[in-house]
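Coordinate analysis (summary)
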Amino acid sequence: MVQLVNPLPANIQRTMTLLPGPWEERIKFNAKQSSEWRVDMWKRALFTDRYIQNKLLGDGLGLTQKEYQFIQSITAAGGLSTEMTQERSMMTQAYHSGPVQTVRITGYIGLLVLMYLMIVVAVRAHQLIMRSKGTEWFGTVMFLCLHMVWHPVFFFFVFGAFKEDVPYLLMNMGILRLLEKNLPDGVRRPDFS
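The structure presented is a predicted model; accordingly, all values stated were derived computationally and were not measured.

Here we take up the overall build of the protein chain. A tally of regular secondary structure across the protein chain gives eight helices and zero strands. In the protein chain, the succession of α and β elements from N to C terminus is α-α-α-α-α-α-α-α. In the protein chain, which comprises 193 residues, the share counted as buried stands at 32%. Carbon and sulfur atoms make up 66% of the accessible area of the protein chain, which totals about 11,900 Å².

Opposite charge on two side chains permits them to pair, given that their charged atoms come into close proximity. Taken as a whole and judged by the stated rule, the model has seven salt bridges. A salt bridge links Glu 180 to Arg 124; the shortest N-O distance between them is 2.5 Å. Here Glu 180 is found in helix α8 (residues 162-182), whereas its partner Arg 124 is found in helix α6 (residues 98-132), with 56 residues between them in sequence. Overall, the relative accessible area of 2% leaves Glu 180 in the buried class. Salt bridges linked by common partners bring Arg 124, Arg 177 and Glu 180 together as one network.

Along the chain, Asn 172 falls in helix α8. In this structure, Asn 172 is in contact with Val 121, His 147, Met 148 and His 151, ignoring residues within four places of it in sequence.

What follows is about the packing of aromatic side chains. Scanning the entire structure with this criterion turns up two aromatic pairs. Measuring from centroid to centroid gives 4.9 Å for Phe 155 and Phe 156, while their planes differ by 85 degrees, and the two rings are edge-to-face.

Our focus in this paragraph is helix α4 (residues 65-76). Taking 1.5 Å as the rise per residue, α4 with 12 residues should run 16 Å; its terminal C-alpha atoms sit 16 Å apart, in good agreement. Considered for burial, the residues of α4 that qualify are Glu 67, Ile 71 and Ile 74. Projection of α4 onto a plane perpendicular to its axis shows the buried side chains occupying an angular sector of 65 degrees, all on one side. Counted as exposed and oriented over 90 degrees from the buried face of α4: Gln 65, Lys 66 and Ala 76.

Packed helix pairs are characterised by how far apart their axes lie and by the angle those axes make with each other. The N-to-C vectors of helix α7 (residues 138-159) and α8 enclose an angle of 150 degrees; their axes lie 10 Å apart at closest approach. Overall, the two elements α7 and α8 adopt an arrangement that is roughly antiparallel. Seen along the crossing, α7 lies across α8 with a hand that is left-handed. For the pair α7 and α8, contact is made by Leu 144, Cys 145, His 147, Met 148, His 151 and Phe 155 and by Phe 162, Asp 165, Tyr 168, Leu 169, Asn 172, Ile 175, Leu 176 and Leu 179, respectively. Of the residues assigned to the contact of α7 with α8, the class counts are 10 nonpolar, three polar and one charged.

What follows concerns unusual backbone geometry. Glycine aside, a negative phi is what most residues show, and trans is what most peptide bonds show. Despite not being glycine, His 96 has its phi angle at roughly 60 degrees, a positive value. Judged by relative accessible area, His 96 falls into the partly exposed class, the value being 25%.

Looking now at α8. Here α8 contains 21 residues, and its C-alpha end-to-end distance of 30 Å stays within 8% of the 30 Å for a straight helix at 1.5 Å per residue. What α8 keeps buried is the set Phe 162, Asp 165, Leu 169, Asn 172, Leu 176, Leu 179 and Glu 180. Down the axis of α8, the smallest arc covering the buried residues is 105 degrees, so these residues share one side. Facing away from the buried side of α8 by over 90 degrees, the exposed positions are Glu 164, Leu 170, Leu 178 and Asn 182.

Where nonpolar side chains cluster on the molecular surface, the patch consists of Trp 150, Val 153, Phe 157, Val 158 and Phe 159 and spans about 530 Å² of accessible area. Following the sequence through the fold, Val 158 ends up in helix α7. Classification of Val 158 as partly exposed rests on a relative accessible area of 48%.

Calculation criteria
- Residues numbered from 1 in each chain as written.
- Predicted model: local features only at pLDDT ≥ 70, side-chain atom pairs only at ≥ 80, totals over all residues.
- Heavy atoms only, no water.
- Helix = DSSP H or I, 4+ residues; strand = E, 2+ residues; numbered from the N terminus.
- Buried < 20%, exposed > 50% of the residue type's maximum accessible area, 1.4 Å probe, protein only.
- Areas by Shrake-Rupley, 256 points an atom, 1.4 Å probe, with all protein chains shown as cover.
- Salt bridge = Lys/Arg side-chain N within 4 Å of Asp/Glu carboxyl O.
- Contact = heavy atoms within 4.5 Å.
- Phe/Tyr/Trp six-rings, centres within 6.5 Å; stacked < 30°, edge-to-face > 60°.
- Expected span 1.5 Å × (residues − 1).
- Arc of directions from axis to C-beta.
- Axes fitted to C-alpha atoms, helices over the stretch in contact; angles between N-to-C directions.
- Parallel < 35°, antiparallel > 145°, perpendicular 65-115°, else oblique.
- Left-handed = near helix turned anticlockwise from the far one by under 90°.
- Nonpolar A, V, L, I, M, F, W, Y, C, P; charged D, E, K, R; others polar.
- Patch = residues over 30% accessible without salt bridge, like charges linked within 9 Å, V, L, I, M, F, W, Y side chains within 5 Å.

Have a look at this one:
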C-alpha cells in the first residue's frame with residue numbers, strides 16, 4: 001500500500017476519502033465536516049428567503065446595501081468563527097456549488113437554460129469526437145472537445161461557479177462551432193441551420 005509506506009499529502013487524502021482506503025481519521029473527519037458545512041449552506045440558501053429572495057428569476061450579480069454592510073461588519077470583527085465564515089460565504093455568493101450560485105444569480109429558470117446549453121454543447125462535442133475518430137483530425141478534436149464533454153459533470157458535481165463557467169461555456173460554444181464549420185466534410189457535423 002502506497003499510503004502505509006509513504007502517506008499521501010492531506011489535500012489528496014481529503015479528496016480521496018469518498019473511496020475506501022487507509023486514510024487518516026482526522027482527514028476523514030475534516031472532509032465529512034466540510035461536506036456537512038456545504039450541504040447546510042445549500043439547504044439554507046435554497047429553502048429559506050434570507051439569501052435568495054427571488055428563486056425563480058434570481059437576484060442578480062450584485063449585493064444589496066444591507067448585505068454589503070453585514071459583510072463589512074463581519075470582516076471588521078476579525079477572527080471569524082465557522083458560523084460567521086459560512087455566513088460571509090453565503091452573503092458573497094460563494095456557495096461552493098455551481099447550481100446553487102446559478103439559482104442565486106439567475107434563478108431556477110436560468111439554471112435550466114444553463115443546464116440545457118451545457119448538455120447540448122457536451123452532446124455535440126461528443127458527436128464531433130466520434131465523427132473524427134480514425135481521421136487525422138482526431139487528436140485536435142479530442143484536445144478541443146473532451147473538456148466540453150466533462151464540463152457539465154464538473155459544474156454540477158465537483159465545483160462549479162456561475163461567474164467562471166458561463167464565459168467558459170460561451171467560449172466552448174464558439175470553439176465547437178468553429179470546428180463544426182471548418183473541419184473537412186467527412187468530419188463535419190451536418191448543418192441543420
